[in-house]
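Working through the structure, step by step
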Amino acid sequence: MVDVLFDDIFRVEKLNPDDKKYFDKVTRIEARSERFDMFMHLDINSEVYPLKVGQKFALLLVPTLNLDGTPDTGYYIGGNRHSLADNFEYVMHGKLYKITEDSTRENVEVLISFGGLLMMMKGDPSHCNKFELDQKLYLLMRKV
C-alpha cells in the first residue's frame, strides 16, 4: 500500500494571482483545500492541463507510483505496468526543498520544485507531518 503524504480536494480561486505570467505555457494557480483548509500556489503546464477559476481537483502527494508502495528509482519505466498514475490526469515528480514554520507555530509552509514548476502549500502543521526536507515525491491531479 502506498504511503500517502497528502490527499485533499482543492478549488481554484485565482489564476496567476500576482497578475504576472512569466511563461506562455505555465499558469500559477491559487487554490484552497476543502478538508484541511490548506492554501496553495502551484505552477502547472496549462497547455497540457488547463484549469479554470472555480474548478475542483483532487491532489495527492506520494513518495512512489508503485501500487505496492515499494520505492522506485525516479525514472519512468514504460510498458504495461500499472501504477498509481493510471488513476490521475496530471503527474509531476519533484523534490521538497524547504519547510518553514511561522513564529507562532500555527502555520507551516512547504515548498516543492517539480523541475522548475513550483508548489507552495501553507496551513496547519499537523497536515504536513509526513514531509521531510529533500524528499522526492510525486504530485498527482485529477479534476472532480
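Residues numbered from 1 in each chain as written. Predicted model: local features only at pLDDT ≥ 70, side-chain atom pairs only at ≥ 80, totals over all residues. Heavy atoms only, no water.

**What about the overall build of the chain?**
Within the chain, the regular secondary structure consists of zero helices and eight strands. The linear arrangement of helices and strands in the chain, starting from the amino end, is β-β-β-β-β-β-β-β. The C-alpha atoms of the chain give 15 Å as radius of gyration, which agrees with the globular expectation for 144 residues (15 Å, within 12%). The proportion of buried residues among the 144 residues of the chain is 39%. With an accessible surface of roughly 8500 Å², the chain has 50% of that area assigned to carbon and sulfur atoms. Of the side-chain charges in the chain, 19 are positive and 23 negative, and the distance between the mean point of each set is 4 Å. (Helix = DSSP H or I, 4+ residues; strand = E, 2+ residues; numbered from the N terminus. Rg over C-alpha atoms; globule rule 2.2 N^0.38 Å. Buried < 20%, exposed > 50% of the residue type's maximum accessible area, 1.4 Å probe, protein only. Areas by Shrake-Rupley, 256 points an atom, 1.4 Å probe, with all protein chains shown as cover. Lys, Arg positive; Asp, Glu negative; His and termini not counted. Charge placed at Lys NZ, Arg CZ, Asp CG, Glu CD.)

**Notes on the sheet that holds strand E2 (residues 26-33)**
An order of E1-E2-E3-E7-E6-E5-E8-E4 is seen for the eight strands of this closed barrel, with the pairing classed as antiparallel. Each strand axis lies, on average, 35° off the axis of its neighbour in the sheet, ignoring direction. The pairing of strand E1 (residues 6-15) with E2 spans five bridges and is antiparallel. Note on E2: the bridge partner recorded for Arg11 is Arg32. (Pairing = 2+ DSSP bridges. Axes fitted to C-alpha atoms, helices over the stretch in contact; angles between N-to-C directions.)

**Remarks on unusual backbone geometry**
Phi is positive for Asn16, close to 45°, though the residue is something other than glycine. The topology assignment puts Asn16 in the loop between E1 and E2.

**Topic: the nonpolar core**
Within the largest apolar cluster, 31 residues are counted, with the highest numbers of intra-cluster contacts made by Leu42, Leu59 and Leu61. Of all the secondary structure elements, the ones that give two or more residues to this core are E1, E2, strand E3 (39-45), strand E4 (56-62), strand E5 (90-101), strand E6 (108-114), strand E7 (117-123) and strand E8 (136-143). With four residues, the single largest contributor to this core is E6. Those residues in contact with Leu61 that lie beyond four places of it in its chain are Val4, Leu5, Phe6, Ile112, Met119, Met121, Phe131, Leu137, Tyr138 and Leu139. Val62, Leu84, Tyr138 and Leu140 belong to the second-largest nonpolar core, a separate cluster that totals eight residues. (Core = buried A, V, L, I, M, F, W, Y, C linked by side-chain atoms within 4.5 Å. Contact = heavy atoms within 4.5 Å.)

**Structural notes on the pairing of E2**
For E2, the buried fraction is high: six of the eight residues fall into the buried class. As paired strands, E2 and E3 are joined by seven bridges and run antiparallel to one another. Of the residues in E3, the one forming a bridge with Ala31 is Met40. Linkage of E2 to E3, two consecutive antiparallel strands, is achieved through a turn of five residues, within which Asp37 is found at a positive phi near 55°.

**With respect to the side chain of Asn66**
For Asn66, the position within the fold is in the loop between E4 and E5. What makes Asn66 buried here is its relative accessible area of 12%. Once residues within four sequence positions are removed from consideration, Asn66 is found in contact with Val2, Pro71, Asp72 and Arg81.

**Thoughts on the packing of aromatic side chains**
Across all of its chains, the model carries four aromatic pairs by this definition. Of the aromatic side chains, those joined through ring pairs into one cluster are Phe6, Phe10, Phe36 and Phe57. Over the aromatic face of Phe88 sits the side chain of Arg142, whose NZ or CZ is 4.3 Å from the ring centroid. Across from the ring centre of Tyr49, 4.7 Å away, lies the NZ or CZ of Lys143, which sits over that ring. (Phe/Tyr/Trp six-rings, centres within 6.5 Å; stacked < 30°, edge-to-face > 60°. Lys NZ or Arg CZ within 6 Å of the ring centre and 35° of its normal.)

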